[in-house]
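Letter by letter, the chains look like this.
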Amino acid sequence: MLATGGAGGFGTYSNIKGAYNSGTALGAVAAGEGATAVLALVLLGLTMLGQSSPAVVRAGLWALPAAASAMSAVAAPDGPRTVIYAITPLGMSVSAEGMAFLARRIVVHVDGRDAELEARAAAVVQALAYHRARAANHPDEKVRKRSDRASWRLARKVGTTDTTLGARLLDVQRERITTGADVALGDMFAITVTRPAEPVTVERDAVTAPVTPALPPAPEPGAGEGGVTGGCDGEDTQVNDPLTGLEEEAVTASVTPAVTPVTLDQVAAIAGVSTPLIGEPLTDEQIVVVLRHLRYSDDPPLSYRQTAAAFRESGFTGGEARIRSAWATLMAQEESPR
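These numbers were taken from a predicted model, which means no experiment stands behind them.

**Some points on the pattern of salt bridges**
Enumeration over the complete set of coordinates arrives at 6 salt bridges. For arginine 312, the salt bridge identified is with glutamate 320, shortest N-O distance 2.1 Å. Each of Arg312, Glu320 and Arg324 takes part in salt bridges that share partners, so that together they form one network.

Written out as structure tokens, the structure reads:
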């Protein structure tokens, strides 16, 4: 790169010296290639320091050689040499840009950040925030419309040259695709185990049913006060009270207590989150709580498709991607040793 720049400067000096004296040629080379070399060193130093270069430096790298090209073209004696004289000074611009570009790539590889792209992205985001604020709050309607259009034009530039943002977006998409594939395969190959129905016994409180004893027949006419018939031979015969000595039999039906269904409030309290409300934005933890409650609202537990359908029918708010991610979290919690 240095050799190319030096050859360009020497060629410019020779071309202009043929039409003017050596002093003029030397001044032209100093104003064109020399100033370009100075700007190239400035750009190289800023790049190696991890800083963005000012716009005037980048503009000067091409403006000064362009001026030297125009001066050389004017000094050319004929048409064919005009083209050669005009192209010669551009060697310095190419050399300067090449050195700065290579230095910037080295800094990006070593430090992992590009100062030029960060400066451009910051400028775009700052301008976008300004125009959005002006489009929303400026008193003049025409100014609001202009800022609204400008903000949409700036929105197309956000993240276009940010390699770090692109890598992070790819990581997010990979995670979503992996979660979706895991949920789809788990739903496809899930085996629903049907448990045999267990006998259900009705349990009631102990109910004591008194057993009414059979009363003895009424005494014959002429029986005495003690219950002795008149046909006896004089001895008193005692008749026991029919209710004496009879024990009450308790008929108790043993019943298993009825299982009270767990409410959404109880599931949320166990998970340590606030109760999810219908129609309000939910956090990821709240979506997991709702899915857990809906999944185990029936026996056997619902599959992913059934749970997702119940989630939407219940009126809760949540996108498909968040539901799939919450389902994967729920499955991971179920499969954990804890």
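**Observations regarding the side chain of histidine 131**
Secondary-structure assignment places histidine 131 in helix α6 (residues 115-137). Judged by its relative accessible area of 16%, histidine 131 falls in the buried class. Residues in contact with histidine 131, not counting those within four places in the same chain, are Ser147, Ala150, Ser151 and Leu154.

**Thoughts on the nonpolar core**
One finds Val290, Leu291, Phe311 and Trp327 to be the most contacted residues of the largest nonpolar core, which totals 22 residues. Residue assignment for this core shows that the elements contributing at least two residues are α9 (264-271), α10 (284-295), α11 (304-313) and α12 (320-335). The contacts of tryptophan 327, once residues within four sequence positions are left out, are Val183, Leu291, Arg295, Leu302, Ser303, Tyr304 and Thr307. Among the nonpolar cores identified, the runner-up in size contains 7 residues, and Ala40, Leu43, Val57 and Ala100 belong to it.

**Overview of α11**
Listed as buried for α11 are Tyr304, Thr307, Ala308, Ala310 and Phe311. For α11, the angular spread of the buried residues around the axis is 160 degrees, confining them to a single face. More than 90 degrees from the buried face of α11, the exposed residues found are Arg305 and Glu313. At the C-terminal side of α11, glycine 315 shows a positive phi close to 95 degrees.

**Considerations on the confidence of the model for the protein chain**
Across the protein chain, the average pLDDT comes to 74, with 75% of residues at or above 70. Summarising per-element confidence for the protein chain, the mean pLDDT is lowest in helix α1 (residues 2-19) (73) and highest in α10 (90). Below pLDDT 50 for its whole length, residues 202-212 participates in 22 contacts with residues either more than four positions away or in separate chains. Here residues 222-257 is modelled with pLDDT under 50, and outside its nearest four sequence neighbours on either side it reaches 42 contacts, counting other chains as well.

**Points about the packing of α11 against α12**
In the contact formed by α11 and α12, the axes pass within 11 Å of each other and the chain directions differ by 130 degrees. The pairing of α11 with α12 is recorded here as oblique in orientation. In this structure, α11 crosses over α12, and the sense of that crossing is right-handed. Residues Tyr304, Thr307, Ala308, Phe311 and Arg312 of α11 lie in contact with α12, whose contacting residues are Glu320, Ile323, Arg324 and Trp327.

Calculation rules
Residues numbered from 1 in each chain as written. Predicted model: local features only at pLDDT ≥ 70, side-chain atom pairs only at ≥ 80, totals over all residues. Heavy atoms only, no water. Salt bridge = Lys/Arg side-chain N within 4 Å of Asp/Glu carboxyl O. Helix = DSSP H or I, 4+ residues; strand = E, 2+ residues; numbered from the N terminus. Buried < 20%, exposed > 50% of the residue type's maximum accessible area, 1.4 Å probe, protein only. Contact = heavy atoms within 4.5 Å. Core = buried A, V, L, I, M, F, W, Y, C linked by side-chain atoms within 4.5 Å. Arc of directions from axis to C-beta. pLDDT = per-residue confidence, 0-100. Axes fitted to C-alpha atoms, helices over the stretch in contact; angles between N-to-C directions. Parallel < 35°, antiparallel > 145°, perpendicular 65-115°, else oblique. Left-handed = near helix turned anticlockwise from the far one by under 90°.

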